[in-house]
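Chain by chain, the residues run as shown.
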Amino acid sequence: MAPSLRTVVRRMRLVPVAGGLDSVVRWVAVSELEDPAPFLEGDELLLTTGMRLGDDFPGYVARLVARGVAGLGFGVGLFHEEIPAGLVTAAAEAGLPLLEVPRETPFIAIGKLVSELLAAEQYDEITRAFAAQGRLTRAALRPEGMHAVIDRLAKETGGWAILLDESGQVRHATPGAEAAVVTAEITRFLTAGRTADPPPGAGSVGTLGAVGEAGAASGEGTATAGDKAGEAGATDSAGMAGSAGAVGTVGAAGMSDVPGTAAVRAGVTSGTVGPGLGVTSAVGASGVRVAAGAQASAGVRGSGRRFPASLALAGPGEHIVVQPLGGGVRPRGFFAVGVARAFSPVAHTVVNAAGSLLTLALEQGGAQLEAERRLRDAVLRLLLSGAPGAEGEARAVLGPVGRRLPEEPFVVLAVGEEALEQVEAVAFAARLGPEAGAALPEVRSDERPGEGPASAGERRAGGDLATGAERAGGGLAKGAERAGDGAATGAGRRAGVVVLVGEQAGRQVAGLVGGGVGVSSPCGYQGLRAGVDQACQAYGAGRGGVVLFGELAGQGLMALLEPAAARAFSAARLAPLVAYGPRADLIASLRAYLDSNGHWDAAAQRLGVHRHTLRYRMKRVTELLGCDLDDPGVRAELWFALEAARR
């Protein structure tokens, strides 16, 4: 706070003549003009010898009072042996503080004193700000981390503080926090897409009311004491503190604050904004006046909408500042501070320091989380490798980071990568990688130790299926490629994350995911590969909601395949029959033949034709397709193509 006129009078031994001594002195000016008001800004102690002073004392005093000077010092012993009686009377009537400056007191000495007092005050503010930053830093090192910073911030500002996640939900709050007001304003900006951009060419936008009353250093649109102290040769740190009071500060995370915006009050439309600040004033959802301030590059984007670098709210007896957290284009969280009085420059510095520490903690937490995720990814690959002792190794690795694998039997859930954050908090979850199920390490049957009869049987069945469908699979891939839809192996519905969870808790965990979920049949770690395959198949076949592989398998082979890829294969495989034209219904004849399991009489009866006619048609089919209908694999392939064409 600037020194009072009383302090200047006492230190310089000036003589009070009229008016009070409680006004603050932000600078000292010397002028012999009859009307110095145009060259003043307010709160100056004006010094004069009365060299050009006329007889219009009331007019002279009125102009100074209108300008808001802190007081008038009249030097005697040079042009006037004493202060003119008319000036004394006019000052007393107008309430202007009038001081007598003795001949032996140089005007410059008064200016130097005020400059030193301002510099000392600003140095004290910087010292207090650094001390507060140190306490905030020590709080950040505590086990509570971000919560401890919020608690310390509330104590430093003498108000309350609150920490919110990226959606505006409260994560930690101190007593008395206005959580509802803050959440409402954050939600309004995120959903309405309100911006804090000033109109093109405008140096400042909007109005701030009662800036002087609030004591905000930046609201007056004038140079501050710190700027003037710099002109007078004050220290760089003092000048810096004054500048910070004028235009705000920028924390390490790049978030600029808007000091003075907390002074905006509902229904007030007077006052001006400091130069260079873009401020948009609006009435928020909570009924209080809102000022969203930003520097030229201020504002962060989330979901295509811009959130201001600093959001200031003010109501009767309440001043709130909200800032986003995170160094990226989308806020990763928010914090808010509320106090009863307008924020001082020191308080703004403390708030910005807290924002930097919270952002740093958030980014470090993100790096630690990513490291843990990579560890879980590696554990999943270890389990899928089927190496001897893989389960025990995996449990030993996960133990120190507080993660556990489920006991057998368990189910595997396949979900999209966007659901990772939801499921990893309640179960073991790992990423499959960009190729999803295709990224699973290949293991030959003779490399799978400790496999039971059931697993071996499953393997033989899987091998037979692969052998029987090898030709169809090749055509399927080619058909999908020709179709150009990238639908092979469930493209467009590819699982990115798998979750291992106890059989009983599987449904509950699946319910946490908003999108689709594929659920495998119960399995153990020896059958984990099959469980992952099942979950990915179920996920790929679904279109949202929970899909159980057991239910999917009961719907037949077609339910396990990607519809678009199946249709592409069908079109490619049956193209020669379609191109043959309507001269003979070869497709209907082929379908009847396959449905009748190759029995000529039954198939001919279905079609209502002679069996020799059917034999002729089947001969034409074999010629067009270049295949042998006596081959069971060919029959399976053609049956699949016909079934896919139906869907």
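Computed from a prediction, not measured in an experiment: that's the story for all the values here. (Residues numbered from 1 in each chain as written. Predicted model: local features only at pLDDT ≥ 70, side-chain atom pairs only at ≥ 80, totals over all residues. Heavy atoms only, no water.)

This paragraph deals with the nonpolar core. The biggest cluster of nonpolar side chains holds 25 residues, and the ones touching the most others in it are Leu 136, Leu 153, Leu 325, Phe 335, Phe 343 and Leu 358. Among the secondary structure elements, those contributing two or more residues to this core are helix H4 (107–140), helix H5 (146–157), strand S6 (160–165), strand S13 (318–325), strand S14 (333–339) and helix H10 (345–385). The element best represented in this core is H10, accounting for nine residues. When neighbours within four sequence positions are excluded, Leu 153 is seen to be in contact with Leu 136, Ala 161, Phe 335, Val 337, Val 350, Val 351 and Ala 354. (Core = buried A, V, L, I, M, F, W, Y, C linked by side-chain atoms within 4.5 Å. Buried < 20%, exposed > 50% of the residue type's maximum accessible area, 1.4 Å probe, protein only. Helix = DSSP H or I, 4+ residues; strand = E, 2+ residues; numbered from the N terminus. Contact = heavy atoms within 4.5 Å.)

In terms of burial, S13 is a largely internal element, seven of the eight residues being buried. The pairing of strand S12 (residues 310–315) with S13 spans five bridges and is classified as antiparallel. Across the sheet, the residue bridging to Ala 314 is His 319, located in S13. Once S12 ends, the chain turns through two residues before running back antiparallel as S13, passing Gly 317 with a positive phi of about 70°. Here S13 pairs with S14 via seven bridges, running antiparallel. Each bridged residue has a counterpart across the sheet, and for Val 321 the counterpart in S14 is Val 337. (Pairing = 2+ DSSP bridges.)

As a further point, take the packing of aromatic side chains. Remark: the centre distance and the inter-plane angle together describe each pair of aromatic rings, the angle taken between the planes. Tallied over the entire structure, the rule returns three aromatic pairs. Taking the centre distance of 4.6 Å and the plane angle of 50° together, the rings of Phe 410 and Tyr 525 count as tilted. Highlighted residues: Phe 410 in strand S15 (residues 410–415) and Tyr 525 in the loop between strand S18 (517–519) and helix H16 (528–541), separated in sequence by 115 residues. Like Phe 410, the residue Tyr 525 is buried in the burial classification. Seen in terms of ring centroids, Tyr 593 and Trp 600 are 5.0 Å apart; in terms of plane orientation they differ by 40°. Their pairing is tilted. Relative accessible area serves as the criterion here: at 23%, Trp 600 is assigned to the partly exposed category. (Phe/Tyr/Trp six-rings, centres within 6.5 Å; stacked < 30°, edge-to-face > 60°.)

Attention shifts here to the sheet that holds strand S2 (residues 27–30). Spatially, five strands are ordered S1-S5-S4-S3-S2 in an open sheet, and the strand pairing comes out mixed. Edge positions in the open sheet fall to strand S1 (15–18) and S2, since each of these has one partner strand only. The sheet shows a mean angle of 30° between the axes of neighbouring strands, taken without regard to direction. Alignment of strand S4 (residues 71–75) against strand S5 (residues 98–101), held across four bridges, turns out to be parallel. Paired with Gly 75 across the strands is Val 101, a residue of S5. (Axes fitted to C-alpha atoms, helices over the stretch in contact; angles between N-to-C directions.)

One can describe the packing of helix H1 (residues 5–12) onto H4 by two numbers: an axis separation of 11 Å at closest approach and a directional angle of 125°. Compared by their axis directions, H1 and H4 come out oblique. Relative to H4, H1 is oriented so that their crossing is right-handed. Judged by residue contacts, Thr 7, Val 8, Arg 11 and Met 12 of H1 engage Ala 109, Ile 110, Leu 113, Val 114 and Leu 117 from H4. Looking at the contact of H1 with H4, its residues break down into seven nonpolar, one polar and one charged. (Parallel < 35°, antiparallel > 145°, perpendicular 65-115°, else oblique. Left-handed = near helix turned anticlockwise from the far one by under 90°. Nonpolar A, V, L, I, M, F, W, Y, C, P; charged D, E, K, R; others polar.)

Residue pairs three or four apart in sequence face the same way in an α-helix, which turns once every 3.6 residues. For H10, spanning 41 residues, the distance from its first C-alpha to its last is 60 Å, which sits close to the expected 60 Å at 1.5 Å a residue. Positive backbone phi, at 70°, marks Gly 386, one or two positions downstream of H10. (Expected span 1.5 Å × (residues − 1).)

Our next topic: the side chain of Arg 376. Relative to the assigned elements, Arg 376 resides in helix H10. The residues contacting Arg 376, other than those within four sequence positions of it, are Leu 369, Leu 398, Arg 403, Leu 420, Glu 424, Phe 428, Ala 429 and Ala 430.

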